[in-house]
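Chains, contacts and geometry: an overview
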Number of protein chains: 2
Amino acid sequence: MLDVQGQLEILRRGVEQIVPEGEFLKKLERSVRENRPLRVKYGIDPTGIDVHLGHTVPLRKLRQFQDLGHTAVIIIGNYTALVGDPSGRDETRSTLTKEQVAENARDYLKQVGRIIDLEKAEVHQNGDWFGKWEFLDVLDLMRRMTLGQISAREDFAKRIAAEKPVYLHECLYPLMQGWDSVEINADVELGGTEQLFSLMVARQLQPVRGQDPQVAMTMPILVGTDGVRRMGKSLGNYIGVADSAENQFGKVMSIPDEPMAQYFTLLTDIPAARIEEWLAPGSNPRDAKEALGKYVVAQYHGQVAADQAAAAFRRRSSGEDPDEIPIAYLSADKLDAEGRIAAPSLIKELGLESSTSNARRVIEGGGFNVGPHREPVSDPRAMIYVSDGLVVRVGKRKIAEIRLV
Amino acid sequence: MLDVQGQLEILRRGVEQIVPEGEFLKKLERSVRENRPLRVKYGIDPTGIDVHLGHTVPLRKLRQFQDLGHTAVIIIGNYTALVGDPSGRDETRSTLTKEQVAENARDYLKQVGRIIDLEKAEVHQNGDWFGKWEFLDVLDLMRRMTLGQISAREDFAKRIAAEKPVYLHECLYPLMQGWDSVEINADVELGGTEQLFSLMVARQLQPVRGQDPQVAMTMPILVGTDGVRRMGKSLGNYIGVADSAENQFGKVMSIPDEPMAQYFTLLTDIPAARIEEWLAPGSNPRDAKEALGKYVVAQYHGQVAADQAAAAFRRRSSGEDPDEIPIAYLSADKLDAEGRIAAPSLIKELGLESSTSNARRVIEGGGFNVGPHREPVSDPRAMIYVSDGLVVRVGKRKIAEIRLV
């Protein structure tokens, strides 16, 4: 095992808080001394998640623990999912059925396998214990927390202040999450910043079973590709681990400059000194983004795909067409007697924009051209002569070769 | 069945609130029209109760419903007892074991049988349903209430304001009580004034099962024999239904004048006009108390015992010794060489006072006399010559005939 100092250097990277830090040090020292791996817990509710880079922040930390010889313990909250994690939410979640949850759990684990070495990890579903509980067991758990403690939770307090209902069953969530730690005897639990309250609950419960309380390690919330709000599916500002290489790379290139340092720190192992060079004033942020994009893509698709995605992107942004132009079919009866179609209709029929009004906007903005000579079309009333094999381009990244059918 | 108006006259007596009153009328009308008894619920947690006159207020109301042909449904909260009813309490109750609860339930039902016709009543233990519940069933129930609704409860709000903890499991209590009504399809639930919140919860739950919501009927809290605080075991101001006839009668006679109207209304069926006569200015409150005392005692010990208790009380308060003087044993070696013992020690040894200092106070107050001629002893240093058969009197109601052993 690497010595304590060496481990700390790796493990502290990008971490927001370790609570209490002193206990973490002691646990780590004992682990090295006795050559006993720490049990590091990360729990997630299978509520239908497209794992995105935001989720990979704690998952990558978990992988670091694994690589240092510790035990990753993944809790699939198939039972807690039926309650719904209220953390950081401002409304009550809708209820999932057992079947949806089971399906989501399988799907989620497949995605997690892209970051975690599942062969070496322990995976538990908390329905394994909670499913056996009776009413009295629930009561025993509820006895461990007061209404005051629960109401003081930041997200609950906000909802109460805004007069939005907090349902009683939601109060159970942090207690259930805490009990998971007891069941697996966790040494450390990882989570996002907003999870700190929940991560600390376990510390009240573990001594009941004679266990050392766990240490909470929180990670910052990754900002989305808009550079403003947290990365999230519903906000459309996310990069999914299952996205194609080209898509991932393109999205990284679209990120504003400000969050670059955060992305580098949380999503790569590139040494801090090298990151600083890239982000230093005077250096080209494009280079930094390209390096970041390649690093991210390589993790999920390999180095070759990453290099190809970067090359394709460069070609496209320098104005060259990609090596392979996707085919789009167009029904010949959309054309008038002279073989023409209105430009906005063409763009919509080819599926390059979702509506003719969007298409019209792109055309007016100068983002539409056709043919081998990239003839620009900026009048939305223009009629386009379509022949089989015509190439049309919309914006910087959308291109199609027409097949008339 | 008696007509609606006739039933209402009986049922409204001594009632604090009927909520909502309109629905109660409709239920009663339908009951008479269709000759279908109302299902009237009264629940109690077997937490080790000496049933006293305070408890008999709702129980007597339940008996009135029975006598009018309705169905009394008694819920023994053997499962809720494990949570502890927070109503009207200002602290968290201690936890009972299942065995204690079962023992208490048996004992409690025996006492209730003095007021309710158990042959005709339905008796349920709510462990019969809650005992089969899983975690998810509890969650489903908790979904029905918000933190805000719970915190607004008067007793919880008080505890929160006083920074006394309200534990989460206590929040379940009103929901469990409400669910009991669903299980037995209650039309009416009886309870004390402070129960109104809990009685109303069922109205949210019953429609889930397609039931008509129940109506809440609340009774005032009976004041104790001190005339100030609610009757309660811990306050030492209660009259138990299992107390002896003499004890019950004596305690009624000790009540101050103010609460007499409440006692008459809630504990007897004596017509209002007759009560007014007794309590009219100028009439002797002693007569009213004697009538009340006889009425109360007759309910639990029969008319003969009630008359005897009244007669014995009168004799005692007019200074006569009772017919049967209780024997108290005194060890001869407590006496000095001359056969004497200090007066305070004598009183204490006979068990007539709990300590010599209390005894000394009684002596100084002139409350101690000995022998057939009631010789007063007012000097606490006095030495009393004791012979076998000596009668001693302490205060107005304590007397003993000494047997030397």
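Remember, it's a predicted structure, so these values are computed and weren't measured experimentally. (Residues numbered from 1 in each chain as written. Chains lettered and ligands numbered in written order. Predicted model: local features only at pLDDT ≥ 70, side-chain atom pairs only at ≥ 80, totals over all residues. Heavy atoms only, no water.)

1. Some details on the overall build of chain A
For chain A, the count of helices and strands is 17 helices and 13 strands. With respect to the principal axes defined by its C-alpha atoms, chain A has extents near 85 × 45 × 40 Å. Each of the 405 residues in chain A was classed as buried or not, and the buried ones make up 50%. Across chain A, every contact between residues at least 6 apart in sequence was considered, and the portion connecting residues at least 24 apart equals 70%. Just so you have it, chain A exposes about 18,500 Å², and 48% of that area is on carbon and sulfur atoms. The average position of the 51 basic charges and that of the 58 acidic charges among the side chains of chain A differ by 1 Å. (Helix = DSSP H or I, 4+ residues; strand = E, 2+ residues; numbered from the N terminus. Buried < 20%, exposed > 50% of the residue type's maximum accessible area, 1.4 Å probe, protein only. Contact = heavy atoms within 4.5 Å. Areas by Shrake-Rupley, 256 points an atom, 1.4 Å probe, with all protein chains shown as cover. Lys, Arg positive; Asp, Glu negative; His and termini not counted. Charge placed at Lys NZ, Arg CZ, Asp CG, Glu CD.)

2. Examining helix α2 (residues 21–33) of chain A
Residues and elements named next belong to chain A. In this model α2 runs 18 Å from its N-terminal to its C-terminal C-alpha over 13 residues, within 8% of the 18 Å that 1.5 Å per residue would give. Within α2 the residues assigned to the buried category are Phe 24, Lys 27, Leu 28 and Ser 31. Down the axis of α2, the sector holding all buried residues measures 95°, keeping them to one side. Facing away from the buried side of α2 by more than 90 degrees, the exposed set consists of Lys 26 and Arg 33. Check the buried side of α2 and you find it contacts α1 (4–12), β1 (17–19), α3 (53–67), β5 (188–192) and β6 (215–219). Positive backbone phi, approximately 50°, marks Asn 35, located one or two places after α2. (Expected span 1.5 Å × (residues − 1). Arc of directions from axis to C-beta.)

3. Observations regarding the relation of the copies chain B and chain A
For these two chains of identical sequence, chain B goes onto chain A by a turn of 179° and a shift of 0.0 Å along the axis, with RMSD 0.2 Å. Overall, the copies show the geometry of a two-fold rotation axis. When each C-alpha of chain B is compared by its distance to the rotation axis, Glu 134 of chain B comes out closest, at 2.2 Å. In this assembly, 100% of the residues forming the interface of chain B have copies in chain A that are likewise at the interface, indicating an isologous arrangement. (Least-squares fit on C-alpha atoms with pLDDT ≥ 70 in both.)

4. Quick word on the nonpolar core
Among the nonpolar cores identified, the biggest contains 64 residues, and Phe 135, Leu 168 and Leu 172 of chain A together with Phe 135, Leu 168 and Leu 172 of chain B are the most heavily contacted of them. Dropping the residues within four chain positions of it, Leu 172 of chain B is found in contact with Phe 135, Leu 139 and Met 142 of chain A together with Val 138 and Met 142 of chain B. Ranked by size, the runner-up nonpolar core spans 54 residues in total, among them Phe 24, Leu 62, Tyr 238 and Val 252 of chain A. (Core = buried A, V, L, I, M, F, W, Y, C linked by side-chain atoms within 4.5 Å.)

5. Details of the interface of chain B and chain A
If you look at the interface, chain B gives 30 residues, while chain A gives 30 residues. Taken together, the two surfaces of chain B and chain A that pack against each other cover about 2,900 Å², and 75% of this comes from carbon and sulfur. Contact with chain A buries surface across chain B, with Phe 135, Leu 147 and Leu 168 of chain B losing the most and accounting together for 29% of the total. At the junction of chain B and chain A, the tally comes to 0 salt bridges. Where chain B meets chain A, there are 10 residue pairs in polar contact (both at pLDDT 80 or more). At the level of secondary structure, the elements contributing two or more residues to the side of chain B that touches chain A comprise α6 (135–142), α7 (147–152) and α9 (168–184) of chain B. Top element by residues in the side of chain B that touches chain A is α9 of chain B. It accounts for 6 residues. Considered class by class, the residues forming the side of chain B that touches chain A number 22 nonpolar, 5 polar and 3 charged. (Buried area = accessible area lost by both parts, 1.4 Å probe. Salt bridge = Lys/Arg side-chain N within 4 Å of Asp/Glu carboxyl O. Polar contact = N/O pair within 3.5 Å; in protein donor to acceptor, adjacent residues only side chain to side chain. Nonpolar A, V, L, I, M, F, W, Y, C, P; charged D, E, K, R; others polar.)

6. Focus: the UniProt feature "binding site: ATP" (unreviewed entry) in chain A
All names here are of chain A. Within this structure's numbering, the places UniProt gives as "binding site: ATP" (unreviewed entry) are Lys 233. Positionally, Lys 233 belongs in the loop between β6 and α11 (245–253). For Lys 233, a relative accessible area of 47% translates into the label partly exposed. In this structure, Lys 233 is in contact with Gly 48, Asp 50, His 52 and Tyr 238, ignoring residues within four places of it in sequence. (UniProt positions renumbered as here; feature names shortened; annotations may be inferred.)

7. Brief notes about the domain arrangement of chain A
Residue and element names in this part refer to chain A. The assigned domain composition of chain A is domain 1 (4–219), domain 2 (245–317) and domain 3 (327–404). Taking only C-alpha atoms, the centre of domain 1 and the centre of domain 2 are 30 Å apart. Counting from both sides, the interface comprises 9 residues of domain 1 and, opposite them, 13 residues of domain 2. Summed over both partners, the interface of domain 1 with domain 2 comes to about 970 Å²; 51% of that surface belongs to carbon and sulfur atoms. Of all residues in domain 1, Arg 13, Leu 53 and Arg 60 bury the most surface against domain 2, accounting for 63% of the area lost on that side. Here domain 1 is connected to domain 2 by 1 salt bridge. Viewed at the interface, domain 2 and domain 1 are joined by 9 residue pairs in polar contact (both at pLDDT 80 or more). Tallied by class, the residues present in the side of domain 1 that touches domain 2 amount to 3 nonpolar, 3 polar and 3 charged. (Domains from an automatic or database assignment.)

8. Describing the environment of Asp 50 of chain A
Residue and element names in this part refer to chain A. Looking at the secondary structure, you find Asp 50 in the loop between β2 (39–44) and α3. In this structure, the C-alpha to C-alpha distance between Asp 50 and Phe 65, residues 15 residues apart in sequence, is 24 Å. The residues contacting Asp 50, other than those within four sequence positions of it, are His 55, Gln 111, Lys 233 and Tyr 238.

9. What to know about the pattern of salt bridges
As enumerated under the stated definition, the model contains 58 salt bridges over all chains in all. Of the charged contacts in the structure, one is a salt bridge between Arg 63 of chain B and Asp 67 of chain B, with a shortest N-O distance of 3.0 Å. Placement of both Arg 63 of chain B and Asp 67 of chain B in helix α3 (residues 53–67) is noted, with a separation of 4 residues, approximately one turn of the helix. Judged by relative accessible area, which is 30%, Arg 63 of chain B ranks as partly exposed. Given a relative accessible area of 55%, Asp 67 of chain B falls into the exposed group. Three or more residues are tied together by salt bridges with common partners; here these are Asp 336, Glu 338 and Arg 340 of chain A.

10. Points about the pairing of strand β2 (residues 39–44) of chain B
Residues and elements named next belong to chain B. Sheet topology places β2 next to strand β3 (residues 71–76); 6 bridges connect them, and they run parallel. Paired with Tyr 42 across the two strands is Ile 74, which belongs to β3. Taken together, β2, α3 and β3 constitute a β-α-β crossover, and its handedness is right-handed. As defined by bridge partners, β2 adjoins strand β5 (residues 188–192) across 2 bridges and the pair is classed as parallel. Each bridged residue has a counterpart across the sheet, and for Val 40 the counterpart in β5 is Val 188. (Pairing = 2+ DSSP bridges. Right-handed = clockwise from strand over helix to strand, strands pointing away.)

11. A look at the sheet that holds strand β4 (residues 122–125) of chain A
Residues and elements named next belong to chain A. Taken together, the 6 strands give an open sheet; going across it, the order is β1-β6-β5-β2-β3-β4, and neighbouring strands pair in mixed fashion. On the outer flanks of this sheet lie β1 and β4, each paired with one strand and no other. Strand-to-strand, the axes of this sheet are offset by a mean angle of 25°, without reference to chain direction. (Axes fitted to C-alpha atoms, helices over the stretch in contact; angles between N-to-C directions.)

12. Focus on the packing of α11 of chain A against helix α15 (residues 303–317) of chain A
All names here are of chain A. Close contact between α11 and α15 brings their axes to 9 Å; oriented N to C, the two are set at 60°. When the axis of α11 is compared with that of α15, the two are oblique. Between α11 and α15 lies a crossing of right-handed hand. Contact with α11, carried on its side by Ala 245, Glu 246, Phe 249, Gly 250 and Met 253, involves Ala 305, Ala 309, Ala 310, Ala 312, Phe 313 and Arg 316 of α15 and no other residues of that element. (Parallel < 35°, antiparallel > 145°, perpendicular 65-115°, else oblique. Left-handed = near helix turned anticlockwise from the far one by under 90°.)

13. Here's the deal with the packing of helix α12 (residues 260–267) of chain A against helix α13 (residues 272–279) of chain A
All names here are of chain A. Contact geometry for α12 and α13: axes closest at 11 Å, N-to-C directions at 155°. On the basis of their axis angle, the class for α12 and α13 is roughly antiparallel. Like other packed secondary-structure pairs, α12 and α13 cross with a definite hand, here right-handed. In this structure, α12 uses Met 260, Ala 261, Phe 264 and Thr 265 to contact α13, whose residues at the interface are Ile 275, Trp 278 and Leu 279. Across the contact of α12 with α13, the residue classes tally to 6 nonpolar, 1 polar and no charged.

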